[in-house]
Amino acid sequence: RDKTLQSPMIVFSLGHLLATIRQERPFTIQLESLRLHSTGMLEIEEYLKRLEKYAATGIPSLSSLLKKLKLIKDNQSRHEEMKRNGMLDGVLSQMRSLVKIRKMESSDSKSIPIALDAAIEALRFGNLKLAIGYLKKLEPTLSDELKGWLKEAEGLSTLETIVPKLEGLVLAKLFKSE
């Protein structure tokens, strides 16, 4: 392969990969393209491996994560309100008569809404790591919906640490080849 073409192709592949990621789309093909054009560059390969698990689904943006978290909070608030209004009381009382319901060891029911509010506020200020931190502490007690959100948020966090390093490696390769 012509070495003079390798560096521009790496830059092009990285640009295409980042553009696809910013559009919140799956990026398996773009990841493989960058891998193909950076053959033999072990540092780049290391970062690409860390992005692989998100390639099939894509990575949401900070604003998408904020919208999704607000939606989850609204859904949980609605669910709590329905429970308070007694819609589930009949079903629960019937279940109680059939099965002994006991509380599982978990954080108290007020800590999740507090953590949700704190996480939403952190996201409003662009602090993804703080938002993740608030919910990570309660991970065993989170709903599947919140666990899914946490996984997506961790994907964006990984991306935010990897992109500057990848760009640095690609630029270094570009200038080295000139």
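Since the structure is predicted, the reported quantities are computational estimates derived from the model, not experimental observations.

### Here's the deal with the packing of helix 6 (residues 111–124) against helix 7 (residues 128–136)
Relative orientation of the contacting elements helix 6 and helix 7 amounts to 175°, with a least axis distance of 8 Å. When the interaxial angle is binned, helix 6 and helix 7 end up roughly antiparallel. Facing Ala115, Leu116, Ala118, Ala119, Ala122 and Leu123 of helix 6, the residues of helix 7 in contact are Leu128, Leu130, Ala131, Tyr134 and Leu135. Classifying every residue of the contact of helix 6 with helix 7 by side-chain character gives eleven nonpolar, no polar and no charged.

### A few points about the pattern of salt bridges
For the structure on display, the rule yields eight salt bridges. Between Glu32 and Arg35 there is a salt bridge, with its nearest N and O atoms 2.6 Å apart. On the criterion of helical spacing, the pair formed by Glu32 and Arg35 is a turn pair, its members being three residues apart in helix 2 (residues 28–37). A relative accessible area of 15% places Arg35 in the buried class. Among the salt bridges present, the one from Glu121 reaches Arg124, with a minimum N-O distance of 3.0 Å.

### Some details on the environment of Thr57
Tracing the backbone shows Thr57 in the loop between helix 3 (42–55) and helix 4 (62–84). Between the C-alpha atom of Thr57 and that of Pro26, which follows or precedes it by 31 residues, the distance is 4.9 Å. In this structure Thr57 touches Glu24 and Pro26, once residues within four positions along its chain are discounted.

### Regarding the side chain of Thr158
Turning to its location among the elements, Thr158 is positioned in helix 8 (residues 144–177). If we skip the residues at most four places from it in the chain, Thr158 touches Arg50 and Tyr54.

### Quick word on the side chain of Ser13
Tracing the backbone through its elements, the reader meets Ser13 in helix 1 (residues 3–22). Here the side chain of Ser13 touches Ser33 through a polar contact of 3.2 Å, side chain to side chain. Among all residues touching Ser13, those that are not within four sequence positions of it are Ser33, Leu34 and His37.

### What about the packing of helix 2 against helix 3?
Describing two packed helices takes the angle between their axes plus the distance from one axis to the other. Put simply, helix 2 and helix 3 touch, their axes get as near as 10 Å, and they point 165° apart. With respect to their mutual orientation, helix 2 and helix 3 come out roughly antiparallel. Handedness of the crossing formed by helix 2 with helix 3: left-handed. Between helix 2 and helix 3, the residues in contact are Thr28, Leu31, Glu32, Leu34 and Arg35 and Glu45, Leu48, Lys49, Leu51, Glu52 and Ala55, respectively. Among the residues making up the contact of helix 2 with helix 3, the classes are represented as five nonpolar, one polar and five charged.

Cut-offs applied
- Residues numbered from 1 in each chain as written.
- Predicted model: local features only at pLDDT ≥ 70, side-chain atom pairs only at ≥ 80, totals over all residues.
- Heavy atoms only, no water.
- Axes fitted to C-alpha atoms, helices over the stretch in contact; angles between N-to-C directions.
- Helix = DSSP H or I, 4+ residues; strand = E, 2+ residues; numbered from the N terminus.
- Parallel < 35°, antiparallel > 145°, perpendicular 65-115°, else oblique.
- Contact = heavy atoms within 4.5 Å.
- Nonpolar A, V, L, I, M, F, W, Y, C, P; charged D, E, K, R; others polar.
- Salt bridge = Lys/Arg side-chain N within 4 Å of Asp/Glu carboxyl O.
- Buried < 20%, exposed > 50% of the residue type's maximum accessible area, 1.4 Å probe, protein only.
- Polar contact = N/O pair within 3.5 Å; in protein donor to acceptor, adjacent residues only side chain to side chain.
- Left-handed = near helix turned anticlockwise from the far one by under 90°.

Functional significance is not addressed by these values, which are geometric in nature.
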